[in-house]
Amino acid sequence: MKLIKTDMPGFINKEMEQLQKTVAPFMKKMSKYTLFSLPFIAVSLINLVYLLFVVPGHTSSLFTIGFYALLGAIGLALSKEARFQKKEMAKRSRDYIIERIHKSDVMSDQSKMEYVSLINGQPFHTMNYFIKFLEEENRESRLQAY
């Protein structure tokens with residue numbers, strides 16, 4: 001997931017780079033787990049359905065059925081771990097954003113608390129609120145420079 005876009009101002013891109021560095025390890029793990037889990041689950045389901053329902057008269061060995069069941073279980077475990085990594089990535093990015101908001105010397109404490117409460121109240125809009133915060137912080141710093 002690339003957070004950096006060319007149409008964003010430089011001060012936002014800089015913060016997005018920092019955020020991306022924070023979540024990159026989790027993103028990498030999540031991608032690997034997802035990449036491996038889907039084929040394991042698919043192969044397992046297809047072969048188990050084939051062995052149990054399409055060719056029921058054919059005596060399939062318990063070892064073969066057990067192998068595909070184990071393969072499916074590994075795929076599901078990897079999928080669950082990918083979901084955990086995704087939640088951890090979201091938590092880390094939210095923590096980074098809140099910490100960055102608190103570190104701002106330009107914004108008033110009231111504004112900081114409003115942004116933090118917005119982020120805590122509506123986590124799906126965290127990035128939008130963070131970008132709004134950065135834009136307002138940039139505007140305030142330019143006004144203070146005059």
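Refer to the structure printed above.
In this text, all values refer to a predicted model and were calculated from it rather than measured experimentally.

Let's talk about helix α3 (residues 109-121)
(1) Moving on: Between its first and last C-alpha, α3 extends 18 Å over 13 residues, near the 18 Å set by a 1.5 Å rise per residue.
(2) Moving on: Taken as a whole, α3 has its buried residues at Ser111, Lys112, Tyr115, Val116 and Ile119. On an axial view of α3, the arc spanned by its buried residues comes to 135 degrees, and they lie on one face. Exposed side chains of α3 directed beyond 90 degrees from the buried face belong to Asp109, Gln110 and Gly121.

Considerations on a nonpolar patch on the surface
(1) Moving on: Judged by side-chain polarity, Val49, Tyr50, Leu52, Phe53 and Val54 come together as a nonpolar surface patch covering roughly 520 Å² of accessible area.
(2) Moving on: Within the secondary structure layout, Val49 lies in helix α1 (residues 10-54).
(3) Moving on: According to the relative accessible area criterion, Val49 is partly exposed, its value standing at 41%.

Structural notes on the packing of aromatic side chains
(1) Moving on: Under the counting rule described, the total for this entry stands at 2 aromatic pairs.
(2) Moving on: Pairing Phe67 with Tyr68 gives two aromatic rings, centres 5.3 Å apart and planes at 65 degrees, and the pair type is edge-to-face.
(3) Moving on: Residue class for Tyr68 comes out buried when judged on its relative accessible area of 18%.
(4) Moving on: For the pair Tyr115 and Phe133, a centre-to-centre distance of 5.4 Å together with 75 degrees between the ring planes defines the contact as edge-to-face. Of this pair, Tyr115 sits in helix α3 while Phe133 sits in helix α4 (residues 126-145), placing them 18 residues apart in sequence.

A word on the side chain of Glu137
(1) Moving on: As for its placement among the helices and strands, Glu137 is situated in helix α4.
(2) Moving on: A polar contact of 2.6 Å, which involves the side chain of Glu137, links it to the side chain of Ser104.
(3) Moving on: Every residue in contact with Glu137, bar those within four places of it in the chain, is listed here: Arg100, Ser104, Val106 and Met107.

Observations concerning the nonpolar core
(1) Moving on: Counting 17 residues, the largest nonpolar core has Met16, Ile97, Ile101 and Phe133 as the members making the most contacts within it.
(2) Moving on: Elements that contribute at least two residues to this core include exactly α1, α2 (62-103), α3 and α4.
(3) Moving on: It is α4 that provides the largest number of residues to this core, a total of 5 residues.
(4) Moving on: In contact with Ile101, other than residues within four places in its own chain, are Lys112, Tyr115, Val116, Ile119 and Phe133.
(5) Moving on: With 6 residues, the next largest nonpolar core counts Phe26, Met27, Ala82 and Met89 among its residues.

Things to note about the packing of α1 against α2
(1) Moving on: Interaxial distance between α1 and α2 falls to 7 Å at its minimum, and their mutual angle equals 160 degrees. If you check the angle between α1 and α2, you find them roughly antiparallel. When the axes of α1 and α2 are compared, the crossing they make is left-handed.
(2) Moving on: Tallied by class, residues from the contact of α1 with α2 come to 24 nonpolar, 12 polar and 7 charged.

What counts, and at which threshold
Residues numbered from 1 in each chain as written. Predicted model: local features only at pLDDT ≥ 70, side-chain atom pairs only at ≥ 80, totals over all residues. Heavy atoms only, no water. Helix = DSSP H or I, 4+ residues; strand = E, 2+ residues; numbered from the N terminus. Expected span 1.5 Å × (residues − 1). Buried < 20%, exposed > 50% of the residue type's maximum accessible area, 1.4 Å probe, protein only. Arc of directions from axis to C-beta. Patch = residues over 30% accessible without salt bridge, like charges linked within 9 Å, V, L, I, M, F, W, Y side chains within 5 Å. Areas by Shrake-Rupley, 256 points an atom, 1.4 Å probe, with all protein chains shown as cover. Salt bridge = Lys/Arg side-chain N within 4 Å of Asp/Glu carboxyl O. Phe/Tyr/Trp six-rings, centres within 6.5 Å; stacked < 30°, edge-to-face > 60°. Polar contact = N/O pair within 3.5 Å; in protein donor to acceptor, adjacent residues only side chain to side chain. Contact = heavy atoms within 4.5 Å. Core = buried A, V, L, I, M, F, W, Y, C linked by side-chain atoms within 4.5 Å. Axes fitted to C-alpha atoms, helices over the stretch in contact; angles between N-to-C directions. Parallel < 35°, antiparallel > 145°, perpendicular 65-115°, else oblique. Left-handed = near helix turned anticlockwise from the far one by under 90°. Nonpolar A, V, L, I, M, F, W, Y, C, P; charged D, E, K, R; others polar.

Functional significance is not addressed by these values, which are geometric in nature.
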